[in-house]
Amino acid sequence: MNVELTVNGKTQSVQCEDRTLLVDLLREQLGLTGTHLGCDTSQCGCCTVHLDGQAVKSCTVLAAQADGSSITTIEGLSQGDTLHPVQQAFSACHGLQCGYCTPGMIMASTDLLRRHPDPTDEQIREGLAGNLCRCTGYVNIVAAVKQAASLMRDAGGKSA
Ligand code: FES
Ligand code: FES
């Protein structure tokens, strides 16, 4: 089958099988390997991307279901060489160690901040409950999301 997707602002037609998962299409057919595959069973959140502006676990979405949609992956988050505020804050706050969960954490966090521009620690922990990290203990991830919220508020929401 053929699916038409706008991925990181570029519209393209891609041939795939009916059973192809969105995560596999992104990684294997479009070469966007920043979207990670961790569990493949909807547990870890490593594969989180934005589908029409909302965070989804791309291992739970068929490519066919995304036909006609707009997808943003971690590769599409920065503006040229300027990292997105959430990327900047994860770096500044050491919100990562091995980095395997990080693309999914960042995509989930940007969606969280769209819904909660000034989140409490509890809202952050609840909002990221579907994203697992085996390294950090989450404390620095929560700090990073708070710092990102502050950066985005200071920028007047322009980077949201
Ligand atoms: S790979 Fe999709 S949730 Fe783990
Ligand atoms: S930084 Fe290693 S799993 Fe999160």
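Above this text sits the structure in question.
Below: a short report on this structure. (Residues numbered from 1 in each chain as written. Chains lettered and ligands numbered in written order. Predicted model: local features only at pLDDT ≥ 70, side-chain atom pairs only at ≥ 80, totals over all residues. Heavy atoms only, no water.)

If you tally the helices and strands in the protein chain, you get five helices and five strands. Along the chain direction, N to C, the helices and strands of the protein chain fall in the order β-β-α-β-β-β-α-α-α-α. Since a compact globule built from 160 residues should have a radius of gyration of about 15 Å, the 15 Å found for the protein chain is in line with a globular shape. When the backbone C-alpha atoms are referred to their principal axes, the protein chain occupies close to 45 × 30 × 25 Å. Every one of the 160 residues in the protein chain was classed for burial, and the buried ones make up 43%. Here the protein chain contributes 11 positive and 16 negative side-chain charges, whose respective centroids are spaced 6 Å apart. (Helix = DSSP H or I, 4+ residues; strand = E, 2+ residues; numbered from the N terminus. Rg over C-alpha atoms; globule rule 2.2 N^0.38 Å. Buried < 20%, exposed > 50% of the residue type's maximum accessible area, 1.4 Å probe, protein only. Lys, Arg positive; Asp, Glu negative; His and termini not counted. Charge placed at Lys NZ, Arg CZ, Asp CG, Glu CD.)

Below, the discussion takes up the environment of Ile71. Checked against the element boundaries, Ile71 lands in strand β5 (residues 70-72). Expressed as a C-alpha distance, the spacing of Ile71 and Ala55, which sit 16 residues apart in the sequence, is 9.7 Å. Setting aside its immediate chain neighbours within four residues, Ile71 contacts Leu5, Thr6, Val7, Asn8, Leu22, Leu26, Val49, His50, Leu51 and Ala66. (Contact = heavy atoms within 4.5 Å.)

What follows covers the pairing of strand β2 (residues 10-15). Sheet analysis places strand β1 (residues 2-7) next to β2, joined by six bridges and oriented antiparallel. Its bridge partner lying in β2, Val3 is registered against Val14. Joining the antiparallel neighbours β1 and β2 is a turn of two residues, in which Asn8 adopts a positive phi near 50 degrees. (Pairing = 2+ DSSP bridges.)

Below, the discussion takes up the pairing of strand β4 (residues 54-57). In regular strands, side chains alternate between the two faces of the sheet. Bridge count between strand β3 (residues 48-51) and β4: four bridges; the pairing is antiparallel. In the strand pairing of β4, Thr48 is matched with Lys57.

Once that is clear, we can look at helix α3 (residues 102-115). Its 14 residues give α3 an end-to-end C-alpha distance of 20 Å, which sits within 8% of 20 Å, the value for a rise of 1.5 Å per residue. In terms of burial, α3 is largely enclosed, as 12 of its 14 residues are buried. Those residues of α3 lying buried are Thr102, Pro103, Gly104, Met105, Ile106, Met107, Ala108, Ser109, Thr110, Asp111, Leu112 and Leu113. Taken together, the buried residues of α3 touch β3, β4, β5, α2 (85-92), α4 (121-127) and α5 (139-154). (Expected span 1.5 Å × (residues − 1).)

As a further point, take the sheet that holds β1. Read across the sheet, five strands follow the order β2-β1-β5-β3-β4 without closing on themselves; strand pairing throughout is mixed. On the outer flanks of this sheet lie β2 and β4, each paired with one strand and no other. Between one strand and the next, the sheet's axes are offset by a mean angle of 40 degrees, whatever the strand orientation. Against the sheet, helix α1 (residues 22-29) contacts β1, β2, β3 and β5, and its axis sits at roughly 75 degrees relative to β1. Where α3 meets the sheet, its contacts fall on β3, β4 and β5, and the angle it forms with β3 comes to roughly 40 degrees. (Axes fitted to C-alpha atoms, helices over the stretch in contact; angles between N-to-C directions.)

Below, the discussion takes up the packing of α3 against α5. When two helices pack together, their arrangement is given by the angle between the helix axes and by the axis-to-axis distance. Following both chains from N to C, one finds α3 and α5 inclined at 50 degrees, their axes separated by 11 Å at the closest point. One element, α3, and the other, α5, form an angle in the oblique class. As α3 packs across α5, the resulting crossing turns out to be right-handed. Together, Met105, Ser109, Leu112 and Leu113 of α3 and Ile141, Val145, Ala148, Ala149 and Met152 of α5 make up the contact between the two elements. Residues that form the contact of α3 with α5 fall into these classes: eight nonpolar, one polar and no charged. (Parallel < 35°, antiparallel > 145°, perpendicular 65-115°, else oblique. Left-handed = near helix turned anticlockwise from the far one by under 90°. Nonpolar A, V, L, I, M, F, W, Y, C, P; charged D, E, K, R; others polar.)

This part takes up the pattern of salt bridges. One pass over the full model with this rule turns up five salt bridges. Of the charged contacts, one joins Arg115 and Asp111 as a salt bridge, the two residues approaching to 3.6 Å between their closest N and O atoms. Placement of both Arg115 and Asp111 in helix α3 is noted, with a separation of four residues, approximately one turn of the helix. Judged by relative accessible area, Arg115 falls into the partly exposed class, the value being 41%. A salt bridge links Lys146 to Asp121, with the shortest nitrogen-to-oxygen separation between them at 2.7 Å. With a gap of 25 residues between them, Lys146 in helix α5 and Asp121 in helix α4 connect regions that are remote in the sequence. Given the relative accessible area of 36%, Lys146 is considered partly exposed. (Salt bridge = Lys/Arg side-chain N within 4 Å of Asp/Glu carboxyl O.)

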